[in-house]
Amino acid sequence: MDEEKRITLRLPAQLHEWLAAQARSARRSLNSEIVYRLEAERDAAAADAESP
């Protein structure tokens, strides 16, 4: 990332708990887990857009 932006993010408690558990199991911070998942989804969406 060239530049970082700080945001306030509101999540349902159950989603937060699930994401935190996923982050722990992957040995990532919650922030890193969210970024990882968003980047993966972005890449998948771009790949889908490129395929016929």
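The present account deals with the structure reproduced in this document. (Residues numbered from 1 in each chain as written. Predicted model: local features only at pLDDT ≥ 70, side-chain atom pairs only at ≥ 80, totals over all residues. Heavy atoms only, no water.)

**Digging into unusual backbone geometry**
Turning to step 1, where the next piece is worked out: Phi at R27 is positive, roughly 55°, even though this residue is not glycine.
Turning to step 2, where the next piece is worked out: Its location among the elements puts R27 in the loop between α1 (13-25) and α2 (30-50). (Helix = DSSP H or I, 4+ residues; strand = E, 2+ residues; numbered from the N terminus.)

**Digging into the packing of α1 against α2**
Turning to step 1, where the next piece is worked out: One can describe the packing of α1 onto α2 by two numbers: an axis separation of 9 Å at closest approach and a directional angle of 95°. In terms of their interaxial angle, α1 and α2 are classed as roughly perpendicular. Note on element contacts: α2 touches α1 through L30, E33, I34 and R37, opposite H16, W18, L19, A20, Q22 and A23.
Turning to step 2, where the next piece is worked out: Partitioned by chemical class, the residues of the contact of α1 with α2 number 6 nonpolar, 2 polar and 2 charged. (Axes fitted to C-alpha atoms, helices over the stretch in contact; angles between N-to-C directions. Parallel < 35°, antiparallel > 145°, perpendicular 65-115°, else oblique. Contact = heavy atoms within 4.5 Å. Nonpolar A, V, L, I, M, F, W, Y, C, P; charged D, E, K, R; others polar.)

**Quick word on the layout of surface pockets**
The gaps left among the atoms become clear once a water-sized probe is rolled over them.
Turning to step 1, where the next piece is worked out: If you add up the space inside the largest pocket, you get close to 590 Å³.
Turning to step 2, where the next piece is worked out: Contributing to the lining of the largest pocket are 15 residues, with K5, I7, N31, I34 and V35 lying nearest its centre.
Turning to step 3, where the next piece is worked out: The residue inventory of the lining of the largest pocket, partitioned by class, reads 8 nonpolar, 2 polar and 5 charged. (1 Å grid on protein atoms, 1.4 Å probe; cavity = no way out; pocket = protein on both sides within 12 Å on 5 of 7 lines; lining within 4 Å. Points joined across faces, edges and corners; volume = space filled by probe spheres on them.)

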